[in-house]
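This is what each chain is made of:
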Amino acid sequence: MENFDYGKAFTDMWALGGKAFMTAQETAMRAMRESMAAFSSAGAMAEGAAALPDLAAESGELARTSRALAELMASATSLSAMLAQRLPEGEAGSSVASGAFRRMIDPRIWLGGGDEMDQALRRLAEGPRLADLWDVERKFLRLFKSWLTLRRHGMEHNILVLEGWMRAGRAFNERLAALSAKGEAPDGQRAMLDLWVEVANRSLLQMQHSEAYLKSQAQLLKSSTELRVVQRELAEYYGDLYGFPTRTEIDDVHRTVTELRREVRQLRRQLRDGGSAVAAAPAESPAERPAPPSASRRAAPSRGPKAIEAPAAVSVPALSEPAEPAPAAADTAAGGTARRGGRAGVGRRARKEG
Amino acid sequence: MAQQGTGAQPAESGEGGSAAAKPAEAATTGAKRAGKEGAGKEGGGKQGGDKGGGSAAAMSGAARMAARFMRGTRMMSDLRDEDVQIATTPKDEVWRSDKVTLYRYRPLTERRVRTPLLIAYGLIGRYTMADLQEDRSLVRNLLKLGIDLFVVDWGNPTRADRFLTLDDYVEGYLGDCVDEIRRITGSAQVNLLGICEGGVFTTAYAALEPGKVKNLVLTITPIDFHADQAEERLGFGFINLWTRSLDPADIDRMIDTHGSLPGAFMGSVFNMMTPMRSMLKYNVDMLDVMDDEKKLLNFLRMEKWIADRPDHPGEAAKQWLIDLYQQNKLVKNELELGGRRVDLGNVTMPVLNVYAKDDHIIPPSTSRALGARVGTQDYSELALPGGHVGVFVGGRSQGLLGSGIAEWLGKRDA
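Residues numbered from 1 in each chain as written. Chains lettered and ligands numbered in written order. Predicted model: local features only at pLDDT ≥ 70, side-chain atom pairs only at ≥ 80, totals over all residues. Heavy atoms only, no water.

Asker: Now, about the packing of helix α8 (residues 211-242) of chain A against helix α9 (residues 248-258) of chain B: what can you tell me, with residues and values included?
Answerer: Packing of α8 of chain A against α9 of chain B leaves a shortest axis separation of 10 Å and a crossing angle of 40°. As summarised for this structure, α8 of chain A and α9 of chain B are arranged oblique, according to the angle between their axes. For the pair α8 of chain A and α9 of chain B, the crossing hand works out as left-handed. Each of Leu221, Lys222, Thr225, Glu226, Arg228, Val229 and Arg232 of chain A in α8 of chain A lies in contact with α9 of chain B, whose residues at this interface are Asp250, Arg253, Met254, Asp256, Thr257 and His258 of chain B. (Axes fitted to C-alpha atoms, helices over the stretch in contact; angles between N-to-C directions. Helix = DSSP H or I, 4+ residues; strand = E, 2+ residues; numbered from the N terminus. Parallel < 35°, antiparallel > 145°, perpendicular 65-115°, else oblique. Left-handed = near helix turned anticlockwise from the far one by under 90°. Contact = heavy atoms within 4.5 Å.)

Below, the structure is given as structure tokens:
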């Protein structure tokens, strides 16, 4: 079976399966919401049902988006089949180019290989799955809603990506036709791959710079963050319940440690600047002086920058002093080391690298 | 933001630079090069006419391809991770604070420049890019030209470091490194060489502590984060555009949630900038180099560097993305570190600003903006061929970068 046949079969299966899944999900969500509302109105949950996430609406949106993506996927599969037919017949030594070309016009790859960041976002958002627990309904429902929203935004983004690949496919086809008309069609599979890569790269970059793409990706980033936040809230609920340290508590500790370290560094600096280390190597101006307020009044260069030519070889005369610090400086350094040896947890170690 | 966008054999051919250089054509470079080789080596392309001859050529091409593949597979199976070494130039740890380490490189020749030079990379990617391999190493080139060279390694920040700020890195750690070098060497001032985000650190430090900085060298450093809008080359400055498209509150929330700007996340942003690259990288491009040990090792060294993506400490990442990328505070002299305003007019020491002509990550216009804002008349620019990474590891700029910097410093060492 050819790649595009696989793709077609995959799309058909996805369309049918997805439709059934979404319908079932919509029904389930509606039933869940109605149950929760009834539960609430019966007084079991005093803080109104209005606060509950509207899962039915969210899952309905997801189903609609899923259908749109499935339809687009079917079109992409057709386009892929057409592009595959354009590939010149077998040519020795070009199996890699041929394989790469076939792979790169497979719509599944367009969704899987061209949205690296979206995948990264999803990976970052992956976390605990839903559990069959009902004592923290709202937390779970919020989690589920966030998951549905992320899926929907993911699919919406995939639609944009897929459209971008289809534009690339059409542009490639047009370019190929134009070259063929001039008798300059690529004469091998590798040349065909080169042309495809060039056209698709340009097309994808144009897509990435579009407002719609940037907006969609920002939305995806936001919803993946939201899912993560909600997951954490749930995890912290259980952490608190069972006496495990939570992320918030650990962050508190980290903040404290960072602030303490900052203070220690500042104190060390004050000690050092009051000692002989800096005196041994004074800067041309005081070390801790405030920035001159009138610095912006400096004379701006009245000419353009000097453009320097990098030389092929440089012959800088050697200095007369040795490469290592002069004895006096080395002594000072030793003294400094001795003083610094008292720092808590910080030693100046001469470790060999490389 | 030195990371990504490199070709299969960047250190060998400098394609890391050119591939990254022209994103609109980026991914074609490797394929075209390979295509030419393929046509020659594999008998690719239609030979026309004689079907029998064509068939023989086809068989021969297939046999060569198979042999090449076999050689490559054997080589890959023989290689171990320890065979792929980067940053091998000998150096000694001379100071450490928290996760930050200051190293001093051992001299390779007699010293020719009196003032010591400190290399500061950013928090996105690692300093090891400046010393990727022996024959593609800014570090070695500078040592060979008699520079007394130090480098600061920021370590691998974790979530525990999420509250570190740019203030901590610039005034704190970098400042401590400078003072330590002054103390060790007895030199009143140091030369600073900042790379990418590290260039922002060194620029800010030089503005805050001009008396301690003899000369400032910047490489691929963004100063005006909105100057990308003047670029008309497709794909250049995408990170600038992408960051501006985000709501600052969403950036805050994302970083608070993850506790950092994850290195893997930034890696995927970089990959987006050359969308076709990843699709060719591990098949077509890799196949082109896998039967040549030298090229294969070059490829794997670059992979090793790319894979080493530390997470960017959270609070510092917020400042980087919101204060700088979104609000452009550095060029407006509005950035505040440790309660002090960073005024570029205070950069009164000589400045050498090195940029890559085809840098799509830090477009030249974003770097060159510095020239009109520094408080020195001694401002020079060095434009090098290649892209963001290629300028350090590409063949075309390899001989120019180190010698250009060394000569410039040598003239200002009095």
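Asker: Residue-level account of the nonpolar core, with values.
Answerer: By size, the foremost hydrophobic cluster in this structure holds 154 residues, and its most contacted members are Trp196 of chain A together with Leu118 of chain B. For this core, the leading source of residues is helix α6 (residues 137-181) of chain A, giving 12 residues. Among the nonpolar cores identified, the runner-up in size contains 12 residues, and Met286, Leu296, Phe299 and Leu300 of chain B belong to it. (Core = buried A, V, L, I, M, F, W, Y, C linked by side-chain atoms within 4.5 Å. Buried < 20%, exposed > 50% of the residue type's maximum accessible area, 1.4 Å probe, protein only.)

Asker: Can you explain the confidence of the model for chain A? Please cite residues and give values.
Answerer: All names here are of chain A. Per-residue pLDDT for chain A averages 68, and the proportion of residues at 70 or more is 51%. For the stretch residues 276-280, pLDDT sits under 50, and the model shows eight contacts to residues farther than four places along the chain or on other chains. Contacts for the low-pLDDT stretch residues 285-302, under 50 throughout, to residues beyond four places or in other chains number 34 contacts. (pLDDT = per-residue confidence, 0-100.)

Asker: Explain the pairing of strand β13 (residues 351-356) of chain B residue by residue, including any values.
Answerer: Residues and elements named next belong to chain B. Most of β13 sits inside the fold, with six of its six residues counted as buried. Here four bridges tie strand β8 (residues 213-219) to β13, and the two strands are oriented parallel to one another. Residue pairing for β13: Thr219 is matched across the bridge by Val354. Pairing of β13 with strand β14 (residues 379-384), which is carried by six bridges, proceeds in the parallel orientation. Its bridge partner being in β14, Tyr355 is matched across the sheet by Ala383. (Pairing = 2+ DSSP bridges.)

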